[in-house]
Amino acid sequence: MSRLYFPATERNRESIWKVLRPWLRSGGRYLEVASGSGEHLAYFARQPEGQEVHWIPSDPQPEHRLSIADWCQGLTQVAPPLAIDCRQPDWGVERLDGILAINMVHIAPWPATLGLLATAARLLNPQGWLFLYGAYFCDDVETAPSNLAFDQSLRHQNPEWGVRRLEDLTQAALEVGLALVQRVAMPANNLSLRLVPFAAGRTQAQTSE
């Protein structure tokens with residue numbers, strides 16, 4: 001068995017799904033970048049609404065792709081995992097209704113996030129969206145001590161990693177044609193973010209609790 005187990009997945013998958021579910025369109029095509037173990041996507045694909053859409057998992061690491069395939073075995077609406085590195089512009093996919101990146105932005109070099117934003121802006125359908133989940137520093141919210149400690153831990157593991165400023169992410173998104181339209185406070189001081197192509201939404205964020 002090739003399955004990997006990431007403890008955080010079981011803790012946050014239900015709260016993420018609650019936010020994500022209303023955005024899905026029956027028959028839509030949704031790509032997850034940096035799928036990791038595949039546990040999130042396998043959980044989403046087994047939900048009633050998740051059985052009505054097409055999922056495309058991906059990860060740059062071979063051992064992760066083996067785990068994804070194992071977790072998603074038997075799920076006919078889930079494609080074989082792709083070897084996508086967000087720093088490369090060619091992902092081998094066509095137009096998409098949504099792109100997910102869960103716990104990627106802080107555990108990746110900043111150029112990977114810039115690549116994610118730029119390629120998402122190019123691949124998303126006019127009514128499509130980019131969903132990001134994770135920890136962020138925000139100018140309008142006092143930083144939780146746990147997020148400061150998390151940032152230090154990440155940078156100790158890899159100097160190119162770290163909790164990002166939401167304002168830096170938003171500005172980078174605007175520069176490639178994506179607007180932050182929804183920001184949802186999540187458990188454990190995390191955020192869910194929805195970004196859309198300019199034609200599909202406003203350039204001012206909505207905040208949901």
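A brief report on the enclosed structure follows. (Residues numbered from 1 in each chain as written. Predicted model: local features only at pLDDT ≥ 70, side-chain atom pairs only at ≥ 80, totals over all residues. Heavy atoms only, no water.)

Glancing now at the nonpolar core. Counting residues in each nonpolar core, the largest one holds 32 residues, and the members touching the most others are Trp91, Leu116, Leu130 and Leu132. At the level of elements, β1 (29–33), β3 (96–102), α4 (110–123), β4 (124–134), α6 (166–176), β7 (178–186) and β8 (190–197) are the ones that each hand at least two residues to this core. Take this core: its biggest share by element is 5 residues, from α4. With sequence-adjacent residues up to four places away left out, leucine 116 is seen in contact with Val33, Cys86, Trp91, Ile99, Ala101, Met104, Leu130 and Leu132. In this structure, Leu20, Phe44, Val181 and Met186 belong to the second largest nonpolar core, which totals 29 residues. (Core = buried A, V, L, I, M, F, W, Y, C linked by side-chain atoms within 4.5 Å. Buried < 20%, exposed > 50% of the residue type's maximum accessible area, 1.4 Å probe, protein only. Helix = DSSP H or I, 4+ residues; strand = E, 2+ residues; numbered from the N terminus. Contact = heavy atoms within 4.5 Å.)

Before going further, it helps to spend a moment on the packing of α4 against α6. Interhelical geometry of α4 versus α6 gives an angle of 40° and a closest axis separation of 9 Å. Relative to α6, the element α4 lies oblique. Judged by the twist between their axes, the crossing of α4 over α6 is right-handed. The segment α4 lies against α6, with Trp110, Thr113, Leu114, Leu117, Ala118 and Ala121 engaging Asp168, Leu169, Ala172, Ala173 and Val176. Here the contact of α4 with α6 is composed, by residue class, of 9 nonpolar, 1 polar and 1 charged. (Axes fitted to C-alpha atoms, helices over the stretch in contact; angles between N-to-C directions. Parallel < 35°, antiparallel > 145°, perpendicular 65-115°, else oblique. Left-handed = near helix turned anticlockwise from the far one by under 90°. Nonpolar A, V, L, I, M, F, W, Y, C, P; charged D, E, K, R; others polar.)

Counting buried positions along β4 yields 8 of 11 residues, so the element is predominantly enclosed. Strand direction decides the pairing type here: β3 and β4, joined by 6 bridges, are parallel. Each residue of the ladder has a partner; that of alanine 101, found in β4, is leucine 132. Read from β3 through α4 to β4, the crossover connection turns out right-handed. (Pairing = 2+ DSSP bridges. Right-handed = clockwise from strand over helix to strand, strands pointing away.)

With 14 residues, α4 ought to run about 20 Å at 1.5 Å a step, and its terminal C-alpha atoms sit 20 Å apart, in line with that. Buried residues of α4: Ala112, Thr113, Gly115, Leu116, Leu117, Thr119, Ala120 and Leu123, and no others. Check the buried side of α4 and you find it contacts β1, β3, β4, α6 and β7. (Expected span 1.5 Å × (residues − 1).)

So, about the packing of aromatic side chains. Summed over the entire model, instances satisfying the criterion amount to 8 aromatic pairs. With centroids separated by 6.3 Å and ring planes inclined at 35°, the aromatic side chains of phenylalanine 44 and tryptophan 55 adopt a geometry described as tilted. Taken together, the residues phenylalanine 44 in helix α2 (residues 39–46) and tryptophan 55 in strand β2 (residues 54–56) connect sequence positions 11 residues apart. Accessibility classification places phenylalanine 44 together with tryptophan 55 in one group, the buried group. Put simply, the rings of Trp17, Trp23, Tyr30, Tyr43, Phe44, Trp55, Trp129 and Phe131 touch in pairs and so form one group of aromatic residues. Directly above the aromatic system of tryptophan 71 lies the positively charged group of arginine 3, at a separation of 4.5 Å from the ring centroid. The positively charged end of arginine 194 is found above the aromatic ring belonging to tryptophan 23, 4.8 Å away from the centroid. (Phe/Tyr/Trp six-rings, centres within 6.5 Å; stacked < 30°, edge-to-face > 60°. Lys NZ or Arg CZ within 6 Å of the ring centre and 35° of its normal.)

Fair warning: the whole summary comes from geometry, so function is off the table for now.
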